[in-house]
Amino acid sequence: MAEYLKLGPGAGESIDAYLEYRRIVGEDDEGKLFTPDEYENYKRTVVPARMKNRLFVSWTSPNGWDCKLIGPETLCFCQHRYKQHKTDFAELPSERPILLPCRAKGCRCKYYNYVPLNGSQPIRCTRCKHYSDDHTADPSHTCKKGGCQCVSFKSSFTCSCGQPTYAHDTIVETKEERQARGHPVGHDVPYAAMGGLTGFSSLAEAYQRLDDSGVGAPSEAFLNQPIGASDHPFLRMHASTLNQIEAGRGSQTDALTQKMADFKMTGTDADMDYYEMRYQQRLKEEKMRARGVPSSRPVSKRGLPSSSSSSSSSVVTKGHSARGKPASATQGKPPSKTTGKR
């Protein structure tokens, strides 16, 4: 029997408040919810320093693209998420690179290190052919398989940017350092472990991201190039209309725009409606012929119905039906019996 969860008045606001709490506190409460006073004190002391000293984490290729912008749920080489690492600093460290050790109990990970996935599966090491999670979480990343002599994980798995995995680096940088690279920093937010996320476009891969952290915005020459055979069929269909609109021919622009807005393509549904109408019309005519009612369809010059195959198939030759049988047989009278051999 199905069970339903019923929520009383104000339950939606409570769920929103919990989600907001979880985004702000992250893993800092160690699984035990703060009291209202502790929560308010946390927001007064931790959040201002977090917004001032935010760290941006990205997995960067040699050409400068941020192929992966790290978020709270992104896994590290140690198989723990970014939000489980140390991400808040009251004062930014002066040493570089900035190390973000894992806070999970028993984990020996000393710094956050992103490793990509092949779909949903871990990638393999080029040296020993074992998976990435078969290697240790310490900085050496030696293989844990018995008898394996692999001393360090290295993978030639190719990223969408065209570069192998071992050519990428996990970069942890401050807001000023990221701005110096010309990459977006977004707005200051109070949420924990935001890493390199600055908006919805941060979830896309670098070759799909049209900001400075990816391939960048397309050039004016690309946007203004003429419509060609490789463009979308809609653009090719309205190429002449679009050219007239771009030319800006005064009062005609509004009329051309309205013409494109009112255009309706006759797709599969319209075709099926047409053929269904023809089929129903044919059935109706066959029933009328069976009752001896003359067809109301227009007659051609030869005295036959103007439509084609369905009408011509019902034409009876002199003294015979369409199937070659005597006409009397089609009128319900049995044919005369013959005797003797043919």
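A brief structural summary. Just so you know, these numbers come straight off a predicted model, no measurement behind them.

Let us look at the pairing of strand β2 (residues 66-69). Sheet analysis places strand β1 (residues 56-60) next to β2, joined by three bridges and oriented antiparallel. Each bridged residue has a counterpart across the sheet, and for Thr-60 the counterpart in β2 is Asp-66. Counted along the chain from β1 to the antiparallel partner β2, the turn is five residues long, and its residue Gly-64 has a positive phi close to 95°.

Quick look at a nonpolar patch on the surface now. A contiguous nonpolar surface patch, about 630 Å² in accessible area, is contributed by Leu-5, Leu-7, Ile-15, Tyr-18, Leu-19 and Leu-33. Exposure remark for Tyr-18: the relative accessible area of 42% places this residue in the partly exposed category.

A few words now on the environment of Gln-163. Along the polypeptide, Gln-163 turns up in the loop between β4 (121-122) and β5 (169-173). Sequence separation between Gln-163 and Asn-63 is 100 residues; the distance between their C-alpha atoms is 9.0 Å. Those residues in contact with Gln-163 that sit more than four places away from it in its chain are Pro-62, Phe-157, Thr-158 and His-168.

Next up on the list: the packing of aromatic side chains. Following the criterion strictly, the structure yields seven aromatic pairs and no others. Both rings, one in Phe-34 and one in Tyr-42, keep their centres 5.6 Å apart while their planes meet at 45°; by these two values the pair is tilted. We classify Phe-34 as partly exposed; its relative accessible area is 24%. Tyr-42 gets classed as buried once you look at its relative accessible area, which sits at 8%. Summarising the aromatic geometry, the rings of Trp-59 and Tyr-114 are spaced 5.2 Å apart at their centres and angled 65° between planes, so their arrangement reads as edge-to-face. Residue Trp-59 is located in strand β1, and its partner Tyr-114 is located in the loop between β2 and β3 (117-118); the two are separated by 55 residues in the primary sequence. Accessibility classification places Trp-59 together with Tyr-114 in one group, the buried group. Above the plane of the ring of Tyr-39 lies Lys-43, whose end atom (NZ or CZ) is 4.4 Å from the centre.

We now examine the sheet that holds β5. Across the sheet, three strands lie side by side as β2-β1-β5; this open sheet has antiparallel pairing. Because the sheet does not close on itself, it has two edges, and the strands there are β2 and β5. If you compare each strand with its neighbour and ignore which way they point, the axes differ by 35° on average.

One face of the sheet, then the other: side chains in a regular strand alternate in exactly this way. Extensive coverage of β1 is indicated by the burial of five of its five residues. Residues Phe-56, Ser-58 and Thr-60 of β1 are buried on one face, and the alternating residues Val-57 and Trp-59, pointing to the opposite face, are buried as well. Sheet topology places β1 next to β5; five bridges connect them, and they run antiparallel. Looking at the pairing, Phe-56 lines up with Glu-173 of β5.

Moving on, we get to the nonpolar core. Counting 30 residues, the largest nonpolar core has Val-57, Tyr-82, Leu-100 and Tyr-112 as the members making the most contacts within it. If sequence neighbours within four positions are ignored, Tyr-112 has contacts with Val-57, Ile-70, Thr-74, Leu-75, Cys-76, Tyr-82, His-85, Leu-100 and Thr-170. Ranked by size, the runner-up nonpolar core spans six residues in total, among them Tyr-21, Ile-24, Val-25 and Tyr-42.

Three or more residues of helix α6 (residues 239-247) are buried, namely Ala-239, Thr-241 and Leu-242. Viewed end-on, α6 has its buried residues packed into an arc of 160°, placing them on one side of the element.

Further remarks concern unusual backbone geometry. Across the junction of Arg-96 and Pro-97, the peptide omega takes the value 0°, indicating a cis bond. Positive phi, normally seen in glycine, also occurs at Lys-129, with a value near 65°. With respect to the helices and strands, Lys-129 occurs in the loop between β4 and β5. If you check the backbone angles, His-141 has positive phi at about 55° while not being a glycine. Overall, His-141 belongs to the buried group, its relative accessible area being 9%.

Turning next to the side chain of His-135. Within the secondary structure layout, His-135 lies in the loop between β4 and β5. Take His-135: its relative accessible area is 4%, and that puts it in the buried class. One polar contact links the side chain of His-135 to the main-chain carbonyl oxygen of Tyr-131, over a distance of 2.9 Å.

Thresholds applied
Note on numbering: residues in each chain are counted from 1, in written sequence order. Local features in this predicted model are restricted to residues of pLDDT 70 or higher, and side-chain atom pairs are both shown and tallied only at a pLDDT of 80 or more, whereas totals for entire chains, interfaces and linings draw on every residue. The side-chain values count all of the structure's non-hydrogen atoms but skip hydrogen atoms and water molecules. A pair of strands is considered paired only if DSSP assigns at least 2 bridges between the two. A run of H or I in DSSP becomes a helix once it reaches four residues, and a run of E becomes a strand once it reaches two; helices and strands are each numbered from the N terminus. Candidate patch residues must exceed 30% relative accessible area and have no salt bridge, after which like charges are joined if within 9 Å and Val, Leu, Ile, Met, Phe, Trp or Tyr side chains if within 5 Å. Computed by Shrake-Rupley with a 1.4 Å probe, the accessible areas treat only the displayed protein chains as cover when residues are assessed. For this analysis, a salt bridge means a side-chain nitrogen from Lys or Arg found within 4 Å of a carboxyl oxygen belonging to Asp or Glu. The rule is simple: take the accessible area with a 1.4 Å probe, protein chains only, and divide by the maximum for that residue type; under 20% is buried, over 50% is exposed, in between is partly exposed. Here, residues are in contact when the closest pair of their heavy atoms is within 4.5 Å. Each pair of aromatic rings taken from Phe, Tyr and Trp, with Trp reduced to its six-membered ring, is defined by centres within 6.5 Å and is described as stacked if the planes are under 30 degrees apart, edge-to-face if over 60, and tilted in the remaining cases. Remark: a charge is flagged as sitting over a ring if the NZ atom of Lys or the CZ atom of Arg is within 6 Å of the ring centre and within 35 degrees of the ring normal. Lines fitted to C-alpha atoms define the axes, with helix axes restricted to the stretch in contact, and inter-axis angles between N-to-C directions lie between 0 and 180 degrees. What we call a nonpolar core is a set of buried Ala, Val, Leu, Ile, Met, Phe, Trp, Tyr and Cys residues that are connected through their side-chain atoms within 4.5 Å. What the arc describes is the spread of directions from the helix axis to the C-beta atoms. Here a polar contact is recorded for every N or O atom pair within 3.5 Å, except that within protein the pair must consist of a potential hydrogen donor and a potential acceptor, and residues adjacent in sequence are included only if both atoms are side-chain atoms.

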